[in-house]
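A look at the structure
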Amino acid sequence: MKQPPPDSELGRLFSQFPRAGQVEWIGLRPARDVPMRPVDAAEAAAGKGLHGDRYASGSGKRGITLIQAEHLPVIAALSGHPEISPATLRRNVVVSGIPLVALKGRRFRIGDVLLEGTDPCDPCSRMEAALGPGGYNAMRGMGGLCARILEGGSVRLGDAVVAE
């Protein structure tokens with residue numbers, strides 16, 4: 001959905017967040033077809049990605065991928081698992097407390113890194129193997145958000161996630 005004019009009633013509603021979010025988990029995948037590696041911090045490069053991640057060479061709109069922590073138990077339940085490790089879902093950052101869908105088309109900060117939410121991070125066909133039959137559909141609508149890195153810096157566990 002295109003952002004409404006900021007001075008409209010809907011624009012004002014779009015800009016209101018009840019609180020900041022928080023980084024709960026960070027993972028890097030250095031190459032295709034290798035497991036995610038959990039880390040406590042990662043360096044984000046403007047216009048590129050996270051150092052040590054396979055997309056760090058300049059993926060633009062997909063410089064970093066985020067998923068909502070609150071969606072993990074739902075995805076687990078829908079795919080028939082008692083719980084799911086964030087690494088299984090292959091996103092770089094797990095965020096709690098702020099709705100990622102509301103950050104699409106907006107600028108936001110994680111710590112000192114400035115990002116812009118670009119697109120939904122739809123699940124890929126690998127979710128069938130990772131979660132079992134129906135895993136792709138279990139993630140639909142809850143795959144997270146892709147973001148462009150506008151200003152680089154460090155992303156750390158516990159960092160605030162704040163809409164600009």
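For the structure itself, consult the block above.
The paragraphs below set out a description of the structure included in this document.

Rules and cut-offs
Residues numbered from 1 in each chain as written. Predicted model: local features only at pLDDT ≥ 70, side-chain atom pairs only at ≥ 80, totals over all residues. Heavy atoms only, no water. Helix = DSSP H or I, 4+ residues; strand = E, 2+ residues; numbered from the N terminus. Buried < 20%, exposed > 50% of the residue type's maximum accessible area, 1.4 Å probe, protein only. Contact = heavy atoms within 4.5 Å. Areas by Shrake-Rupley, 256 points an atom, 1.4 Å probe, with all protein chains shown as cover. Core = buried A, V, L, I, M, F, W, Y, C linked by side-chain atoms within 4.5 Å. Polar contact = N/O pair within 3.5 Å; in protein donor to acceptor, adjacent residues only side chain to side chain. Pairing = 2+ DSSP bridges.

So, about the overall build of the protein. When its secondary structure is counted, the protein shows four helices and ten strands. Mapped from its N terminus to its C terminus, the protein presents α and β elements in the order α-β-β-β-β-α-β-β-β-α-α-β-β-β. Based on the C-alpha atoms only, the size of the protein along its principal axes is roughly 45 × 30 × 25 Å. The buried share among the 164 residues of the protein stands at 43%. Relative to all contacts within the protein whose residues are 6 or more apart in sequence, the contacts with residues 24 or more apart total 72%. Of the roughly 8200 Å² that the protein leaves accessible, carbon and sulfur atoms contribute 53%.

Glancing now at the nonpolar core. Grouped together as the largest cluster of nonpolar side chains are 23 residues, with contacts concentrated most on I64, L66, F108, I110, L115 and V161. Apart from the residues within four sequence positions on either side, L115 is in contact with I64, R106, R107, F108, I110, A147, R148, I149 and L150. In this structure, M36, I84, L89 and M127 belong to the second largest nonpolar core, which totals 14 residues.

A few words on the side chain of S154. Structurally, S154 is set in strand 9 (residues 153-156). Separated by 2.2 Å, the side chains of S154 and E43 make a polar contact. Of note is the side chain of S154, whose polar atom sits 3.4 Å from the side chain of R156. Residues within four places of S154 in sequence aside, it is in contact with A42, E43, I110, D112, V113 and D159.

Along any regular strand the residues' side chains alternate between the sheet's two faces. Along strand 3 (residues 41-44), the buried face is formed by A42 and A44; none of A41 and E43, which line the opposite face, is buried. Bridge count for strand 3 against strand 9 is four bridges, and the pairing is antiparallel. Bridged to A44 within strand 9 is G153.

At D33, a position not held by glycine, the phi torsion is positive, near 65 degrees. Tracing the backbone through its elements, the reader meets D33 in the loop between strand 1 (21-28) and strand 2 (37-39).

Where strand 6 (residues 107-110) lies against strand 7 (residues 113-120), four bridges are found, and the strand directions are antiparallel. By the bridge assignment, F108 is partnered in strand 7 with L115. Counted along the chain from strand 6 to the antiparallel partner strand 7, the turn is two residues long, and its residue G111 has a positive phi close to 60 degrees. Alignment of strand 7 against strand 8 (residues 145-151), held across six bridges, turns out to be antiparallel. By the bridge assignment, G117 is partnered in strand 8 with A147.

Any functional reading would require information beyond the geometric quantities listed.
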